[in-house]
Every structure is written in C-alpha cells, then in structure tokens.
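What follows is each chain in one-letter form.
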Amino acid sequence: MEFHHIPIMLDSVIENLKIKPDGVYVDGTVGGAGHSSEILRRLSDRGRLIAIDQDRAAVETAKARLSAISDRATVVKSNFVNFDIVLDDLGVNRVDGVLLDLGVSSYQFDQADRGFSYRFDAPLDMRMDQSQDETAADIINGYSEEELTRILREYGEEPFASRIARNICRRREEKPIRTTFELNELITSSIPASARRDGGHPSKQTFQAIRIVLNRELQVLEESIDLMIRRLSPGGRLCIITFHSLEDRIVKTAMRTAEKPCICPPDFPVCVCGRIPSGKVITRKPIVPDEEEMKKNPRSRSAKLRVFEKK
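A. Spatial organisation of the side chain of aspartate 55. With respect to the element layout, aspartate 55 can be found in the loop between strand E2 (48-53) and helix H3 (56-67). Judged by relative accessible area, aspartate 55 falls into the buried class, the value being 2%. Here the side chain of aspartate 55 touches alanine 57 through a polar contact of 2.8 Å, landing on its backbone nitrogen.

What follows is the structure, encoded as structure tokens:
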C-alpha cells in the first residue's frame, strides 16, 4: 500500500513557517512528505530540510518523494524527541522553523495489519516504531485492571473505563486478547446500548488511549517542545498540529510558559525569578481547517495549529 497522507492545513502551515529560501527547517513527523514537499520546493540551493519519522515506511517514502524534488533534504529515522541528537549528528546548530503534525497518519490507520484502526480485524499492534518490542496486545493482556482503568480515563476520556477494564481482565483469564475485533467486541459489550446509539464508534476512545500510552505520545511531546524552541534561530517558528484535547493542552501550556516563564507569586509587584521569555505565541486561538478542507478530508476536523516565534 502506498504511503498516502493528506497534509493538514497546508497553506496555513507554509504561511506560518515564514520560509526563507536559505533557511534550515525540520519536519519532525514527515509521514508521506506532504508538508515537507512544499517546504522543500521553497528552499534555494543554500536551504536545507531535515525530515524525521520513526515509521520505517514513512522514512522510505519520504526519501523517494523528497529526492525527486531536491537534494537539499536529509531524512532520518528517529523520534522527534531525539531532536537535539539528530541536529548534533548533522552538525546543525540552529534552525529557522520546526513542524510537528501529531497523531497517526491516514496510511497507518488504513494499513490493516498495523492494528491502529478498529475498522479492520488485525493483530493488536499499534506501534509507530515497529522496531520496539511492546505492542498494544502486551498492554491489554499485561496491565492490571486498575492501570487499564486509569489509562482509558486519562488518555481516552472514556466514561465507561472501569467496565471495559474489568471485562478485559475477565476475558484474558480465559485466553489472551490478540486482535482488534476481539477488543472491539469486549468494548461494545461493556458500553450500554443507549450510549452506543448516541456516540461514535464505541472503540474510538479506548483505541486512542492504548495507542497514546504504547507510543508515549504525550510524554514525548512534553519533553520536546522546549528543546525545539531552544534550537530556533531568532525569528524562527515552531508550528504544531494537534488532533485531540490532551495534545493541544500540552502545546498551549508549553508555548505560553515559553512566552511568560515567570514563576513569581502573582502578588509580587515585579518579577524577581529572573526567567527570560523565549519568544511570543503567534496564535492566541488555534488555527483550524476551513469548511472546504473538512469536507474534503474529514480527518482534519479535530486539527488545531498553534505557532510560536523565537525572539
């Protein structure tokens, strides 16, 4: 299956990166290279693009697609949490822009054997980096009922977390839960019929929660934002696209803290902590897709773009 991913809010991303032809830019989640291709087309022979992804299929696709445009792109298989290491290995000190397009790509969702989607009967995998050992099946079959309940509540905001966790633990006493459809059946039987009628697919929130925990998505994001801001050149921009409230909250908080890092008590007349702002938040409210994009690409509906500029 060809790695297909429609770049979200492409025009808004390109506009907010404020690309300089001789600049250095990083796409930390290159995927199908949709955003990266447009960035690369705007660079001169003195510019450079560094594209990062932990998915081997994305890396191979990006190498082929970007090399057909220019030789100014370097594609690296890694997680963007290793941002500093990647730049140091390439001898790059500062960059002029960074893009993160978070979540799972359309390709990953639509490739049945990856186990990301509840629409296909497949092994419970969900690994973004397929070289890691732990899979979604290990979480489902190995975590305690209390831990599963916490995960589903915290990362999936699932109102029936305790019921689902309890039924998972009962079922796995008989035999391990190995496939997406086996998990689907358990989730569906755990949710009251009235709730199933009112909401979307009953497995959506549970699958999201397991995927987030397995791939350490929120921890990686929390650890990365300050690193990226520090490596920006003056005037450089960090653009991050999120797809659910947990991600967006982390990005919003980190950007606001970088803009106003003071930790003095609010009743202090002047700041005495000495913390220096790193720059400014460009997007007081997140940029969202317009109606036309949401019609063409329904998966863009929950997307939010936030932008920070280094001073």
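Structure shown, so let's carry the discussion forward.
B. View of the pattern of salt bridges. Evaluation of the coordinates by the stated rule reveals 19 salt bridges. Across the salt bridge formed by aspartate 96 and lysine 20, the nearest N and O atoms sit 3.2 Å from each other. Here aspartate 96 is found in strand E4 (residues 95-101), whereas its partner lysine 20 is found in the loop between helix H1 (10-17) and strand E1 (24-27), with 76 residues between them in sequence. One salt bridge connects aspartate 129 with lysine 77, and the closest N-O pair in it is separated by 3.2 Å. Separated by 52 residues along the polypeptide, aspartate 129 in the loop between helix H5 (106-110) and helix H6 (136-142) and lysine 77 in strand E3 (residues 73-77) bring together distant segments of the chain. Classification of lysine 77 as partly exposed rests on a relative accessible area of 36%.

C. Layout of helix H11 (residues 204-214). The buried fraction of H11 amounts to nine of the 11 residues, a majority that puts the element mostly inside the structure. Among the structural elements, H5, H6, helix H7 (145-156), helix H8 (161-174), helix H9 (180-190) and helix H12 (217-230) are those in contact with the buried residues of H11.

D. Main features of the nonpolar core. Membership of the largest hydrophobic core comes to 61 residues, with the highest contact counts inside it found for Val95, Ile225 and Leu238. In contact with leucine 238, other than residues within four places in its own chain, are Val98, Ile225, Met228, Ile229, Leu232, Met255, Arg306, Val307 and Phe308. Membership of the second largest hydrophobic core comes to 25 residues, among which are Val13, Ile19, Tyr25 and Leu305.

E. Just the pairing of E3, in detail. Bridging between E2 and E3 involves five bridges; their strand directions are parallel. The partner of leucine 49 across the bridge, within E3, is alanine 73. Tracing the backbone out of E2, into H3 and back to the parallel element E3 gives a crossover that is right-handed.

F. Molecular detail of the sheet that holds E4. With respect to topology, seven strands assemble into an open sheet ordered E3-E2-E1-E4-E5-E7-E6, the strand pairing being mixed. Unpaired on one side and paired on the other, E3 and strand E6 (279-281) mark the two borders of the sheet. The mean angle between the axes of side-by-side strands here comes to 15 degrees, regardless of whether they run parallel or antiparallel. Pairing geometry for E6 and strand E7 (residues 304-310), over three bridges, is antiparallel. Among the inter-strand pairings, glycine 279 is bridged to a residue of E7, identified as lysine 310. Here helix H2 (residues 34-41) sits on the sheet and contacts E1, E2, E3, E4 and strand E5 (232-242); the angle it forms with E2, its principal contact strand, is near 170 degrees.

G. Focus on the state of the cysteines. Taken as a whole and assessed by the stated rule, the structure comprises zero disulfides. The cysteine cysteine 273 is free of any disulfide, with cysteine 271 supplying the nearest cysteine sulfur at 3.5 Å. Looking at cysteine 273, the relative accessible area reads 30%, which means it is partly exposed.

The rules behind these values
Residues numbered from 1 in each chain as written. Predicted model: local features only at pLDDT ≥ 70, side-chain atom pairs only at ≥ 80, totals over all residues. Heavy atoms only, no water. Helix = DSSP H or I, 4+ residues; strand = E, 2+ residues; numbered from the N terminus. Buried < 20%, exposed > 50% of the residue type's maximum accessible area, 1.4 Å probe, protein only. Polar contact = N/O pair within 3.5 Å; in protein donor to acceptor, adjacent residues only side chain to side chain. Salt bridge = Lys/Arg side-chain N within 4 Å of Asp/Glu carboxyl O. Contact = heavy atoms within 4.5 Å. Core = buried A, V, L, I, M, F, W, Y, C linked by side-chain atoms within 4.5 Å. Pairing = 2+ DSSP bridges. Right-handed = clockwise from strand over helix to strand, strands pointing away. Axes fitted to C-alpha atoms, helices over the stretch in contact; angles between N-to-C directions. Disulfide = S-S within 2.5 Å.

In short, geometric facts, not functional conclusions.
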